[in-house]
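The residues making up each chain are set out below.
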Amino acid sequence: VKLVTLLLNESGLPIDFAYQKVAKGDHISTEHCNCHKYESFFYCLPLMTNVGFAPTVSIEEIQDVRPGHKTEGMEKYAKDVPEVRCFSIIFKDQKKNLDLIAGSEMEANHWVFGLGKIIAKSNSMSQRQKLQHDASKASKVDRFPLIALFCIVQPWFRLRRIKKSFYFFPLHPQQCDKSQTNTLEDEEIEVFYKILTERKEIDRIFSEHAGEKSVMSLEHLVQFLQQQQHEEGDGPDVALSLIEQYEPNETVKRQKSMSKDGFQMYLLSADGNIFNKTHSQVYQDMTQPLSHYYISSSHNTYLMEDQLRGPSSTEAYIRALMKGCRCVELDCWDGPNSEPVIYHGYTFTSKILFSDAIKAIKNYAFKISPYPVIISLENHCSIDQQETMARHLHSILKDTLLVAPIDSKGIKLPSPEQLKGKILVKGKKLTPETEEVSDEDEAAEMEDETVKSEVEKKKLSNKLKLAKELSDTVIYCKSVHFQGFAESQPHDEMCSFSEGKILKVAQESGIDLMHYNVQHLSRIYPAGWRTDSSNYNPVEMWNMGCQIVALNFQSRCSEMDIHQGRFQENGGCGYILKPEFLRNEQSKFNPKSITEGPWYSPKKFQVKIISGQQLPKVNKSKNSIVDPRVIVEIHGVQRDNRKNQTKVIDNNGFNPTWNETFEFEIDVPQLALVRFMVEDFDASTKNDFIGQFTAPFTSLKQGYRHIHLLTKSGDQYPSATLFVHVNIWDSS
C-alpha cells in the first residue's frame, strides 16, 4: 500500500496526474486546480496494484475481518473456492462488505491476521498512545503533507487556524518551524500537534487546582478527584494510579505529580468518561429469573431496510448479534426444494434460507455476550418444512440448542447464568389434546391493502398444524395468546403484544401488567403500519417491566439510540436487571402516577455543556461549515421527560464553546436515561444529525467529563467529544 497525497477539493484533478506529481516529490499548487480557498481537502490513498488505483478507507471504518465463507456474497459466489483463501472486510455504518479471494492460504492468513492486529491495536489505543503515535509517525514532515494530514483527519478544519500555527502561501516562518527548514522535525511535529489540539478550558481547570505550580501535586490531584470528580476509594491510591496511567513525562511521574498533558489525557480517557467504566463490565446479579431482566431484542431481524420491498440478509442477524441483541426474529415460510425460507410474508422483501439464518446465529450468538439467545419463530410452514426446520435447529446448533428444562421441577424461569451459551426457541407448543395451534401473524396488523387482502384470505383457515419435532424445541418460551390477568398462567408461557395493544393494556391494568412481568416474559413488537421500519419509544414498555421490547435494528433513529444506551451498561451483554420495584409482586409502582415508594428517589441533575471537540461535518456541500448546538434529553417516567438545548455556535465544529448550564429534576432515577445529541443547525432545512450519546442516569459520573459521541449507526467517532461538568444531588 502506498500513500498518495491529496487532491484539492472540487479540483477535478485526475488521480494519475496527482500521483505523478507526488511520486516526483512535487506539490500541487493553485495552478493545477480550480479551488483557491484551500478551505478543505480531499484525500486519495490508492493501492498500488497491477490493475490500477483503488480507493482505500481508514482502519477505523472497519468493523471486522471474517475468514472463510462468512458473508452472503461468499456463500453465494465463492462456494467453489476453498475457504482458506477467502476473507471478508466488514465495514461500519452499514456499508457493503468487501469480499476478497487471496491467491493462496498463506496470503489470506497474512491479510486476516495483519488487519485483525491493526484493528485491535487501534481500538485499544489510549489517548496517550494516540498522541505518541501521531507525534512519532515521522521524524521529518514537509509543510504541505502535514497540513493535508490534519485536514483529512478533520475535514471541517478551517485553514485560518492552521495558518496561525504554521505557514502556507506565501511562506512565513511561524511558531513551529524553529529550524527554518520548511519542514517540521522531531519535537516540532509534537509542538504543531499540541497547538492544533490546544484546550484552553482544560488549561483553566488545571490552573485552578494546581495552584501557582506548573504541575499538579499528588495532594491537589486527590482534592480534585474527591471534590470535583466525586471519585470513591482511597484518594492517594486512585490519584497515583491515574498518574501512572496517563502522565507522559517520566520526571513528573517520579515526583508523583501530574502535568497539564497528563491531566488532559486523563480527562479524555475511560477514567474521565461520563459513563462509569465499571458498568462496562458485567456487574449485575445474573442469577435471577429471565423475567427479571430487560433483554435486548430485534424485530424482523432479517430485514436490512423497509418491510415491503427491502432486502433480507443473514448479515442483518450478524449485525444485531454483534450489537448485543439477545432475541432475534425469524418469519418462516415454505420455500422451494423443501427448504424453508425467511422473509416478510405477503410482501416483496427478498428471501433467505432458514438454514443460512440459523448458521449465522450459531456463528455469532456468543461473540459479544455469553448469555442466552432467544430465537423467536413466526411459523407459517407446512408440516414437512417444519420438520426440516427442526432438523436444521438440531444439526446446526447442536449442543447450544436448549432441548430440556434446566430444572424439571422448577417453579420459575431459569437465570441468564444458568442458560449461558444456550439458544432458546420461542414459538407455539403442542398440548396433549391437540395437534393444531392458533396462528400468530404480526403481518395482520399491517395497513398495506395488498397485505390485508392476503391475511383476510388466510383467516378462513387460521389454525396451524404443528410438527411435534418443532414443538419439542420450545422449552421456556411457549407462545400463547393473551387472555387477561384473571387466571394464573404457567411461568414458561409468554405473550406477544403490538405496541398499540400493550399501551391499551397498560392504560386499563397497569399494575397487573407490571405484576405479570415479574414472573412471565412479554414481547412487544412495532405496529403493523410501520412499513418503513420506524420504531416506537421503548422506554414506556420498559417502565411497565416488559422484557423483550423488540425494535427494528436496521433503522438508525433516536429510539435505537435510547435502546443502545439502555443496553450499554452491564458489559453490553444484552441483559439488564430490572429495578427491584419491577421485580416485586407486591409492588404498587405505576409509571403513570408516581407516588411515594422505593422507586421515588428524586434527584437534581445539573449539567454544564462546556465545549465540543472535532465535531464532524456531515453535510458535504462545498460551502457547508458546522453550526453546532447540543440538546440534552431525559427519557424515563412521564413526569421526568424533559429536554433543553444550547445556543447555536456559528461556523465552528472544531472547538465550539457554549458554557451553558441546564438543571433537571428526576423523580425515578432508576428508570431514567440521558441523551446528549449534537446537531448541525440550518435555518432553511432540516438540521443534520452529528452525533449522540445515551446512558442510564445511574451510570453517569460527576465532575468534569468527556462524552465520546457516536455516529448515526451507533459506532464511536475517533475523536468527536463534548466536554461537560455534571452535578447530581438529592432533591429536597
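Only a predicted model underlies this, so the values are computations on that prediction, with no experimental measurement involved.

What counts as what
- Residues numbered from 1 in each chain as written.
- Predicted model: local features only at pLDDT ≥ 70, side-chain atom pairs only at ≥ 80, totals over all residues.
- Heavy atoms only, no water.
- Helix = DSSP H or I, 4+ residues; strand = E, 2+ residues; numbered from the N terminus.
- Buried < 20%, exposed > 50% of the residue type's maximum accessible area, 1.4 Å probe, protein only.
- Contact = heavy atoms within 4.5 Å.
- Areas by Shrake-Rupley, 256 points an atom, 1.4 Å probe, with all protein chains shown as cover.
- Core = buried A, V, L, I, M, F, W, Y, C linked by side-chain atoms within 4.5 Å.
- Phe/Tyr/Trp six-rings, centres within 6.5 Å; stacked < 30°, edge-to-face > 60°.
- Axes fitted to C-alpha atoms, helices over the stretch in contact; angles between N-to-C directions.
- Parallel < 35°, antiparallel > 145°, perpendicular 65-115°, else oblique.
- Nonpolar A, V, L, I, M, F, W, Y, C, P; charged D, E, K, R; others polar.
- Pairing = 2+ DSSP bridges.
- Salt bridge = Lys/Arg side-chain N within 4 Å of Asp/Glu carboxyl O.
- Left-handed = near helix turned anticlockwise from the far one by under 90°.
- UniProt positions renumbered as here; feature names shortened; annotations may be inferred.
- Polar contact = N/O pair within 3.5 Å; in protein donor to acceptor, adjacent residues only side chain to side chain.
- Expected span 1.5 Å × (residues − 1).
- Bend = angle between axes of the 7 residues up to and from the residue.

## Looking at the overall build of the protein chain
At step 1: If you tally the helices and strands in the protein chain, you get 20 helices and 29 strands.
At step 2: Across the 732 residues in the protein chain, those meeting the buried criterion constitute 54%.
At step 3: Sequence separation of 24 or more characterises 69% of the internal contacts of the protein chain that already satisfy a separation of 6 or more.
At step 4: On the protein chain, roughly 33,500 Å² of surface is accessible, and the fraction owed to carbon and sulfur atoms is 49%.

## Quick look at the environment of L242
At step 1: Residue placement: L242 occurs in helix 10 (residues 235-246).
At step 2: On the basis of relative accessibility, which here comes to 5%, the residue L242 falls in the buried class.
At step 3: Sequence-distant contacts of L242, that is, excluding residues within four places in its chain, are made with L225, E247, M258, Y266 and D271.

## Observations regarding the nonpolar core
The nonpolar side chains of a soluble globular protein tend to be buried with one another.
At step 1: Residues L330, I361 and I375 are the most contacted members of the largest nonpolar core, which totals 67 residues.
At step 2: Apart from the residues lying within four places of it in its own chain, the contact partners of I375 are V328, L330, I358, I361, L393, L397, I423, L424, V425 and K426.
At step 3: Core analysis: the next-biggest nonpolar cluster, separate from the first, contains 32 residues, F605, A695, Y717 and L722 among them.

## Here we look at the packing of aromatic side chains
At step 1: Inspection of the entire model under this criterion finds 22 aromatic pairs.
At step 2: Summarising the aromatic geometry, the rings of F224 and F263 are spaced 5.2 Å apart at their centres and angled 65 degrees between planes, so their arrangement reads as edge-to-face. Taken together, the positions of F224 in helix 9 (residues 218-227) and F263 in helix 12 (residues 260-267) put the pair 39 residues apart, joining distant regions of the chain. The two residues F224 and F263 agree in class, both being buried.
At step 3: Ring centres of F263 and Y266 lie 6.4 Å apart, and the angle between their planes is 50 degrees; this geometry places the pair in the tilted category. Pair noted here: F263 and Y266 are both in helix 12, with a separation of three residues, about one helical turn.
At step 4: When its relative accessible area of 0% is taken as the criterion, F263 is described as buried.

## Some details on the packing of helix 9 against helix 10
For any two helices packed against each other, the geometry comes down to the angle between their axes and how far apart the axes lie.
At step 1: Remark: helix 9 packs on helix 10, axes separated minimally by 9 Å, with the N-to-C direction vectors making an angle of 105 degrees. By the angle class used here, helix 9 and helix 10 are roughly perpendicular. Along its contact with helix 9, which presents L218, L221, V222, L225 and Q226, the element helix 10 presents G235, P236, V238, A239, L240, L242 and I243.
At step 2: For the contact of helix 9 with helix 10, a count of residues per class yields 10 nonpolar, two polar and no charged.

## A word on the sheet that holds strand 3 (residues 62-67)
At step 1: Pairing is antiparallel across the open sheet formed by three strands, whose spatial order is 3-4-5. With partners counted over all chains shown, the strands left at the sheet margins are strand 3 and strand 5 (98-101), one partner each. Strand-to-strand twist across the sheet, computed as the mean angle between neighbouring axes with direction ignored, equals 20 degrees.
At step 2: Inspection of the sheet shows strand 3 paired to strand 4 (residues 86-91) by five bridges, in the antiparallel sense. Residue pairing for strand 4: I62 is matched across the bridge by F91.
At step 3: The strands touched by helix 3 (residues 105-124) are strand 3 and strand 4; relative to strand 3, the strand with the most contacts, the crossing angle is about 150 degrees.

## A few points about the pattern of salt bridges
When charged atoms on two side chains of opposite charge get close, those side chains can pair.
At step 1: By the definition in use, this model includes 25 salt bridges.
At step 2: Close ionic contact of R639 with D667 constitutes a salt bridge, the shortest N to O distance being 2.7 Å. With R639 in the loop between strand 23 (628-635) and strand 24 (642-645) and D667 in the loop between strand 25 (657-666) and strand 26 (673-680), this pair connects stretches of sequence that are 28 residues apart.
At step 3: Judged by its relative accessible area of 40%, R639 falls in the partly exposed class.
At step 4: Among the residues examined, D667 registers a relative accessible area of 8% and is labelled buried.
At step 5: Each of D64, R66, E315 and R319 takes part in salt bridges that share partners, so that together they form one network.

## Thoughts on the packing of helix 14 (residues 354-364) against helix 15 (residues 383-397)
At step 1: Running from N to C, helix 14 and helix 15 cross one another at 30 degrees; their axes reach a closest spacing of 10 Å. When the axes of helix 14 and helix 15 are compared, the pair comes out roughly parallel. Between helix 14 and helix 15 the crossing geometry is right-handed. Listed contacts from helix 15 to F354, S355, I358, K359 and K362 of helix 14 are M389, H392, L393, I396 and L397.
At step 2: Counted by class, the contact of helix 14 with helix 15 contains six nonpolar, two polar and two charged residues.

## Section: the pairing of strand 25
At step 1: Alternating residues of strand 25 divide into W658, E660, F662, F664 and I666, all buried, and T657, N659, T661, E663 and E665, none buried.
At step 2: Summarising the sheet, strand 22 (residues 603-613) and strand 25 pair through eight bridges and their orientation is antiparallel. Each residue of the ladder has a partner; that of K603, found in strand 25, is I666.

## Some details on unusual backbone geometry
At step 1: Residues other than glycine seldom take positive phi values, yet H230 does so here, at roughly 55 degrees.
At step 2: Mapped onto the secondary structure, H230 falls in the loop between helix 9 and helix 10.

## What to know about the UniProt feature "binding site: substrate" (unreviewed entry) in the protein chain
At step 1: Under the local residue numbering, the UniProt record ascribes the feature "binding site: substrate" (unreviewed entry) to K426, K428, S496 and R523. The annotated residues occupy 98 residues of the chain but converge on a single region, no pair of C-alpha atoms lying more than 14.0 Å apart.
At step 2: Residue placement: K426 occurs in strand 14 (residues 423-427).
At step 3: By relative accessible area, which is 4% here, K426 ends up buried.
At step 4: Not counting residues up to four positions away in its chain, the partners in contact with K426 are I374, I375, S376, L377, C477, S479, M494, S496 and R523.
At step 5: Position of S496 relative to the elements: it lies in strand 18 (residues 493-498).
At step 6: A residue is classified by how much of its surface remains accessible, and S496, at 16% relative accessible area, is buried.

## Some points on the side chain of S312
At step 1: Tracing the chain through its elements places S312 in the loop between strand 9 (297-298) and helix 13 (314-322).
At step 2: Only 2.5 Å separates the side chain of S312 from the backbone oxygen of S350, close enough to count as a polar contact.
At step 3: Once residues lying within four places of it in the same chain are set aside, the contact partners of S312 are E72, Y302, L303, I342, Y343, T349, S350, K351 and I352.

## Quick notes on the side chain of E660
At step 1: With respect to the helices and strands, E660 occurs in strand 25.
At step 2: Look at E660 and you get buried, because its relative accessible area is 18%.
At step 3: A distance of 2.7 Å separates a polar side-chain atom of E660 from the backbone nitrogen of K647.
At step 4: Each residue touching E660, except ones within four places of it in the same chain, is listed here: V607, K608, I609, Q645, T646 and K647.

## Brief notes about helix 18 (residues 499-519)
At step 1: For helix 18, which comprises 21 residues, the first-to-last C-alpha distance of 21 Å sits more than 12% below the rise-based estimate of 30 Å (1.5 Å per residue).
At step 2: If you look at helix 18, its biggest bend is around 110 degrees, right at S509.
At step 3: Buried within helix 18 are the following residues: E499, I502, V505, A506, G510, L513, M514, H515, Y516, N517 and V518.
At step 4: Tucked inside the fold, the buried residues of helix 18 contact strand 18, strand 19 (522-525) and helix 19 (539-542).

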